[in-house]
Amino acid sequence: MIPHIAKDSRANLLGSIWMVAAMAIFAIEDALLKAAAQSLPVGQVLILFGIGGALVFAAVARFTNQPLFISDVISKPMRIRVVFEITGRLFYVLAISMIPLSAATVILQATPIVVVAAAALIFGEKVGWRRWTAIVMGLAGVVIIIQPGTESFSVLSILAIIGMIGFAGRDLASRMAPASLSTVLLGLYGFLSVIVAGALFSIWQGAAFRMPDIETSACLALAVLAGVAAYSSLMKAMRSGEVSAVTPFRYTRMLFGIGLGVLVFGETLSVAMLTGSALIVVSGLFILWRGRAVRAQD
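Fair warning: this is a prediction, and the values are worked out from it, not measured in the lab. (Residues numbered from 1 in each chain as written. Predicted model: local features only at pLDDT ≥ 70, side-chain atom pairs only at ≥ 80, totals over all residues. Heavy atoms only, no water.)

A. Structural view of the environment of Phe-84. Topologically, Phe-84 is positioned in helix H3 (residues 76–98). In the structure, Phe-84 is positioned 109 residues away from Ser-193 in sequence and 9.3 Å away in space, judged by C-alpha atoms. With residues near it in sequence (within four places) discarded, Phe-84 still touches Ile-165, Gly-166, Phe-167, Gly-169 and Arg-170. (Helix = DSSP H or I, 4+ residues; strand = E, 2+ residues; numbered from the N terminus. Contact = heavy atoms within 4.5 Å.)

See below:
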């Protein structure tokens, strides 16, 4: 085997392993937050989770001699990113606390599809008819899962969709974020946004704060550790291998989320759920493959 090809293959394999690990830990984080939200108001869960994550990233920043604030933190792309981060975090945590974890996780997997569509509409990125067809198919998968107009439809599913759109907007804004902002600073201000999301919802809901019991405190502490570990693993994945080789493994989060939903929370899978999931994954993978092929031709 040619040395540079072997090196690329090893890097892609390592990146793929880090990506699968990140998705597994993100799914665990979701399950822990869902468990914590069973006994605490969602706003309080978000505030405590955000404080924990922000403290960890602040400690990492200081340990690595990075400033906690630079002027680019309040740049326009970052202000936009914060708004979408708040929206995504708030509505997704509301979703996982109120609807099956498996359903919320599957809907979240449509995020890359929405990112590609928005990039074409907002930034004028070239997207041909094949990828537009895949985008429509992926969004159709979301519709099949939530089943509007049927007895199985739950308006609470809209929470997951809004959360997914929020995360898609955050990812788009991250593309425009100044290069001077390290992943540690992005993580720090991402978790600070979670605190804001929790505070805003707590004010709107008017729910009194409760003293968490030992079990709930453990869930929140583990969720913070999981969130930081998953974020770090994701960054390692994106830096270890080629993006086109590593990114498809993001869809393993769906498998872990469904597995935890079934095994831990006793959820059941419907034909609509499985059909919609298949459409989302197939569409997302095709969009990734087609995007790589188009770039190779340019």
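B. Examining the packing of H3 against helix H7 (residues 157–176) more closely. Between H3 and H7, the least distance of the axes is 7 Å, while the angle of their chain directions is 155 degrees. By the angle class used here, H3 and H7 are roughly antiparallel. In this structure, the crossing between H3 and H7 has a hand that is left-handed. For the contact of H3 with H7, the class distribution of residues is 15 nonpolar, six polar and four charged. (Axes fitted to C-alpha atoms, helices over the stretch in contact; angles between N-to-C directions. Parallel < 35°, antiparallel > 145°, perpendicular 65-115°, else oblique. Left-handed = near helix turned anticlockwise from the far one by under 90°. Nonpolar A, V, L, I, M, F, W, Y, C, P; charged D, E, K, R; others polar.)

C. A look at the UniProt feature "transmembrane region" (unreviewed entry) in the protein. The feature "transmembrane region" (unreviewed entry), as annotated in UniProt, sits at residues 12–28, 40–61, 131–147, 153–173, 185–208, 214–234 and 255–288 in this numbering. Between the end C-alpha atoms of residues 40–61 there is a gap of 30 Å, over a span that is 91% helix and 0% strand. (UniProt positions renumbered as here; feature names shortened; annotations may be inferred.)

D. Structural context of helix H8 (residues 183–205). Counted at 1.5 Å a residue, the expected span for H8 with its 23 residues is 33 Å, and the 33 Å between its end C-alpha atoms agrees. Backbone geometry just after H8 places Gly-206 at a positive phi near 70 degrees. (Expected span 1.5 Å × (residues − 1).)

E. Geometry of the environment of Ala-103. You can see Ala-103 is positioned in helix H4 (residues 101–108). Taking the relative accessible area as the measure of exposure, Ala-103 reaches 11% and is therefore buried. Sequence-wise, Ala-103 and Leu-269 are 166 residues apart; in three dimensions their C-alpha atoms are separated by 8.8 Å. (Buried < 20%, exposed > 50% of the residue type's maximum accessible area, 1.4 Å probe, protein only.)

F. Main features of the pattern of salt bridges. If you walk through the whole model with that rule in mind, you get six salt bridges. Measuring nitrogen to oxygen at the nearest pair gives 3.6 Å for the salt bridge that ties Glu-29 to Arg-89. A residue pair is termed long-range when its members are at least 10 positions apart, and Glu-29 in helix H1 (residues 3–36) and Arg-89 in helix H3 qualify at 60 residues. Arg-89 matches Glu-29 in its accessibility class, with the two residues each being buried. Its salt-bridge partner being Arg-253, residue Asp-30 comes within 2.8 Å of it at the nearest N-O pair. With Asp-30 in helix H1 and Arg-253 in helix H11 (residues 252–265), this pair connects stretches of sequence that are 223 residues apart. The exposure class of Arg-253 is buried, given its relative accessible area of 11%. (Salt bridge = Lys/Arg side-chain N within 4 Å of Asp/Glu carboxyl O.)

G. Structural view of the environment of Val-45. With respect to the element layout, Val-45 can be found in helix H2 (residues 42–63). On the basis of relative accessibility, which here comes to 1%, the residue Val-45 falls in the buried class. Separated by 150 residues in the primary sequence, Val-45 and Ile-195 have C-alpha atoms spaced 9.3 Å apart.

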